[in-house]
Amino acid sequence: MAASIRLRRLGAVAAVAGGACFTFLGNPPMASSDRGPTMTAIKQKISDPLTAVPSREVQESALIKSSAANPLDVLVVGGGATGCGVALDAATRGLRIGLVEREDFSSGTSSRSTKLIHGGVRYLEKAVFNLDYGQLKLVFHALEERKQVIDNAPHLCNALPCMTPCFSWFEVIYYWMGLKMYDLVAGRRLLHLSRYYSAQESVGLFPTLTRKGKDQSLKGTVVYYDGQMNDSRLNVALACTAALAGATVLNHAEVISFLRDEGGERIIGARIRNTLSVAHYSLSSASANCPGDRCVVRSYSTCCLSHVSSRSLGWAIFKATSTPVSGETFPEEDLICPSSGSMLCFLITILLADIPNMVLLMPKLFEFILDAISDYLNIKVRRVDVLSAWSGIRPLAMDPKAKNTESISRDHVVYEDFPGLVTITGGKWTTYRSMAEDAVDAAIKSGKLSPANKCLTYDLQLVGADGWDPASFTALAQQYVRMKRSHGGKVVPGVMDTAVAKHLSHAYGTFAERVAAIAQNENLGKRLAHGYPILEAEVAYCARHEYCESVVDFIARRSRLAFLDTDAARRAVPRVIEILAAEHKWDKSRQKQEMQNAQEFLETFKSSRNAQFHDGKHN
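Just so you know, these numbers come straight off a predicted model, no measurement behind them.

Caption draft 1: Molecular detail of the packing of helix α13 (residues 498-508) against helix α15 (residues 536-545). α15 packs onto α13 with a crossing angle of 15° between their chain directions and a minimal axis gap of 12 Å. By the angle class used here, α13 and α15 are roughly parallel. In terms of crossing hand, the pair formed by α13 and α15 is right-handed. Across the interface between the two elements, His 503, Leu 504 and Tyr 508 from α13 touch Glu 538, Tyr 541 and Cys 542 from α15.

Caption draft 2: Summary view of the packing of aromatic side chains. On inspection of all chains with the given rule, the structure shows 10 aromatic pairs. Plain terms: the ring middles of Phe 170 and Tyr 174 are 5.8 Å apart, the flat faces sit at 25° to each other, and that makes the pair stacked. Taken together, the residues span about one helical turn, with Phe 170 and Tyr 174 both in helix α6 (residues 169-186) at a distance of 4 residues. A relative accessible area of 60% places Phe 170 in the exposed class. Residue Tyr 174 is classed as partly exposed on the basis of its relative accessible area of 29%. Seen from their ring centres, Phe 563 and Phe 605 are 5.1 Å apart, and the 90° between their planes marks the pair as edge-to-face.

Caption draft 3: Up close: the packing of helix α16 (residues 551-558) against helix α19 (residues 588-602). Between α16 and α19, whose axes approach to 8 Å, the crossing angle comes to 35°. Here α16 contributes Val 551, Val 552, Ile 555, Ala 556 and Arg 557 to the contact with α19, which in turn contributes Glu 594, Asn 597, Ala 598, Phe 601 and Leu 602. Residues of the contact of α16 with α19, tallied by class, amount to 7 nonpolar, 1 polar and 2 charged.

Caption draft 4: Broad picture of the pairing of strand β23 (residues 491-495). Here strand β22 (residues 481-485) runs beside β23; their pairing, made up of 5 bridges, is antiparallel. Opposite Lys 484, over in β23, you have Val 492 as the bridge partner. Counting the residues in the hairpin turn of β22 and β23 gives 5 residues, including Gly 489, whose phi is positive at 95°.

Caption draft 5: Focus on the nonpolar core. The biggest cluster of nonpolar side chains holds 102 residues, and the ones touching the most others in it are Cys 157, Leu 234, Leu 504, Tyr 508, Val 551 and Phe 554. Apart from residues lying up to four places away in sequence, Leu 504 is in contact with Leu 476, Met 496, Gly 509, Ala 512, Val 515, Leu 535 and Glu 538. Counting residues in hydrophobic clusters, the runner-up holds 17 residues, among them Phe 167, Val 203, Leu 209 and Tyr 376.

Caption draft 6: Region of interest: the confidence of the model for the protein. Mean pLDDT over the protein works out to 78, with 74% of the residues at or above the 70 mark. Within the protein, the element-level pLDDT minimum falls on helix α9 (residues 293-296), averaging 24, and the maximum on α15, averaging 98. For residues 310-343, every residue scores under 50 in pLDDT, and the model assigns this stretch 118 contacts once sequence neighbours within four places are set aside. The model gives residues 608-619 a pLDDT under 50, and that stretch makes 34 contacts with residues more than four places away or in other chains.

Caption draft 7: The side chain of Ser 202, seen in detail. By secondary structure assignment, the location of Ser 202 is in helix α7 (residues 199-205). The class for Ser 202 is buried, based on a relative accessible area of 0%. In this structure, Ser 202 is in contact with Met 163, Tyr 197, Leu 209, Leu 218, Gly 220 and Thr 221, ignoring residues within four places of it in sequence.

Caption draft 8: Focus on helix α8 (residues 231-244). In this model α8 runs 20 Å from its N-terminal to its C-terminal C-alpha over 14 residues, within 8% of the 20 Å that 1.5 Å per residue would give. Among the 14 residues of α8, 14 are classified as buried, and the element is accordingly described as predominantly covered. Positive phi appears at Gly 246, one or two residues downstream of α8, with a value of about 115°.

Caption draft 9: Just the sheet that holds strand β5 (residues 97-101), in detail. Across the sheet, 3 strands lie side by side as β4-β5-β12; this open sheet has parallel pairing. The outermost strands of the open sheet, each flanked by one partner alone, are β4 (74-77) and β12 (248-251). Across the sheet, the mean angle separating the axes of adjacent strands is 10° when strand polarity is ignored. Running at roughly 115° to β12, helix α2 (residues 56-64) makes contact with β5 and β12 of the sheet.

Caption draft 10: Region of interest: the pairing of β5. Across the 5 residues of β5, 5 count as buried, placing the element largely inside the fold. Across the two faces of β5 the burial is the same, with Ile 97, Leu 99 and Glu 101 and Gly 98 and Val 100 all buried. Where β4 lies against β5, 4 bridges are found, and the strand directions are parallel. Looking at β5, one finds that Val 77 is bridged to Val 100. Crossover β4 to β5 through helix α3 (residues 81-92) is right-handed. Bridge analysis of β5 against β12 gives 4 bridges, and the strand direction is parallel. In the sheet register, Leu 99 faces β12, and the bridge partner there is Val 249.

Caption draft 11: Structural context of the pattern of salt bridges. Inspection of every chain in the model, using the stated rule, returns 21 salt bridges. Residues Arg 590 and Glu 594 are paired through a salt bridge, measuring 2.9 Å at the closest nitrogen-oxygen approach. Highlighted residues: Arg 590 and Glu 594, both in helix α19, separated by 4 residues, approximately one helical turn. Classification of Arg 590 as partly exposed rests on a relative accessible area of 22%.

Caption draft 12: Inspection of unusual backbone geometry at higher detail. A positive phi angle is found at His 252, which is not glycine, with a value near 55°. Structurally, His 252 can be placed in the loop between β12 and β13 (253-260). Relative accessible area serves as the criterion here: at 10%, His 252 is assigned to the buried category. A positive phi is found at Lys 585, a non-glycine position, where the angle reads about 60°.

Rules and cut-offs
- Residues numbered from 1 in each chain as written.
- Predicted model: local features only at pLDDT ≥ 70, side-chain atom pairs only at ≥ 80, totals over all residues.
- Heavy atoms only, no water.
- Axes fitted to C-alpha atoms, helices over the stretch in contact; angles between N-to-C directions.
- Helix = DSSP H or I, 4+ residues; strand = E, 2+ residues; numbered from the N terminus.
- Parallel < 35°, antiparallel > 145°, perpendicular 65-115°, else oblique.
- Left-handed = near helix turned anticlockwise from the far one by under 90°.
- Contact = heavy atoms within 4.5 Å.
- Phe/Tyr/Trp six-rings, centres within 6.5 Å; stacked < 30°, edge-to-face > 60°.
- Buried < 20%, exposed > 50% of the residue type's maximum accessible area, 1.4 Å probe, protein only.
- Nonpolar A, V, L, I, M, F, W, Y, C, P; charged D, E, K, R; others polar.
- Pairing = 2+ DSSP bridges.
- Core = buried A, V, L, I, M, F, W, Y, C linked by side-chain atoms within 4.5 Å.
- pLDDT = per-residue confidence, 0-100.
- Expected span 1.5 Å × (residues − 1).
- Right-handed = clockwise from strand over helix to strand, strands pointing away.
- Salt bridge = Lys/Arg side-chain N within 4 Å of Asp/Glu carboxyl O.

If you want it as structure tokens, here you go:
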């Protein structure tokens, strides 16, 4: 039977948000002088080059030791962006915090995002034309948070140029004026100024951009800047930073049920199962849980995000609608954006009565996306060019009495829907930090907690960010070599080439040297997949320092290889299993199960190998 932890005697709160559930529990107030790290101490520990997150065993032991006499202040249920943000916020305030995630950090919505950190151009458009001050405030707030997300994790985030093609002079003027207003609203938080490019200049920047579209010739493009992130690694960085700040974080730990007081009037605990362990135990603690996005989201509309990664694309097309559509009806607005990740993203708003564990990309939607590309490119994108395709869900706050999705708020909502349970829903990746702040504030109020500090996360850099510089990769390339085993078993040296060095620097920040050292000293310098700079050493590092507990954890959340190239991920799986088996002491049965789990997971992605769809005009 899976390990089970019983948590009781809570006095406080729970929360749920964007693909994750969060529960906050409180105990009797404690004087701030009794606990609470200083901002300086927190930053020193996070930036220490020799620091290491507590092992999973240590974290589980700490959670088990929580008792009625020594309760948690807050238990977060769900390890997505908001959940890990809540854990970090609460820990830096000096609260005793625990976090459990049923699968892996960022295993849900947070790893299936658009990868954008954006202020919301469309929200600004609605604010202007509807004279909606609320929408304008959303834009101001999101632009401020966009800048902070990038500053707090510069190795995982960057400014992204977004190109909007214009096929009439009216479109040129409309988009130029609108995006200049976007620059103005950004103010000091501006990433780069937007600008107009002529048709000739645009084709020079983007050679595959069509000169004919919408039965008109290209008049030019308007380019503006938003942010881009490595979403899953940013989420993992949040979890590790929270652990270093004192939070007890545990992935692959599922909440089975809530416990209530004798009168049934307040949630006072939760029962938790360790899904990786075969032991069984129970204990008392001060923590509670909330049901999760599948329970809460059922009463809200969701935004289905569908993505395609293709070797033929150097840009991404974004499509959006504000009216409900079925799986076979699609919107008309189009926006082309460049994407360094060669990803195409199509967004539609749909109503889902029941949310499955994983939303599969609908065949007709897949075909529509490829067809839509052909309207903007002078080349044909074939099904065999598709490297990976997936879907995700985004919970949105909506008035259930509303007649259409115009009333859906892109802002977040925090409320206590049951004593001891605080819910947070809505919002987006860009504003995860402020969402977490609001949720912790609500938890403190509900649980009558006494934190040692105010919120400290506004300018708190995540692990790997302190001292990082875009040129940091040069030191890796000069100081390390990649020792790798040949097929004959002989160890041979390999160059730490620029592509690998840049990848390690951007994925791990200042901790990249640790990975490079493993590649050099433990003969794990070989690439896992041809054409991708992901090393075998990363598997070992993530197993030791990033709570990577399964093959899917690595190929989907630590390296994102499954999202970049499904077939390459499939080829890498056997070697990933070998390395993780050595790190975690897996027996043959566990290795076989991991292979099966990985194969089943990769089948949910629609690559050129398993995308059996009808031909469309893209062929």
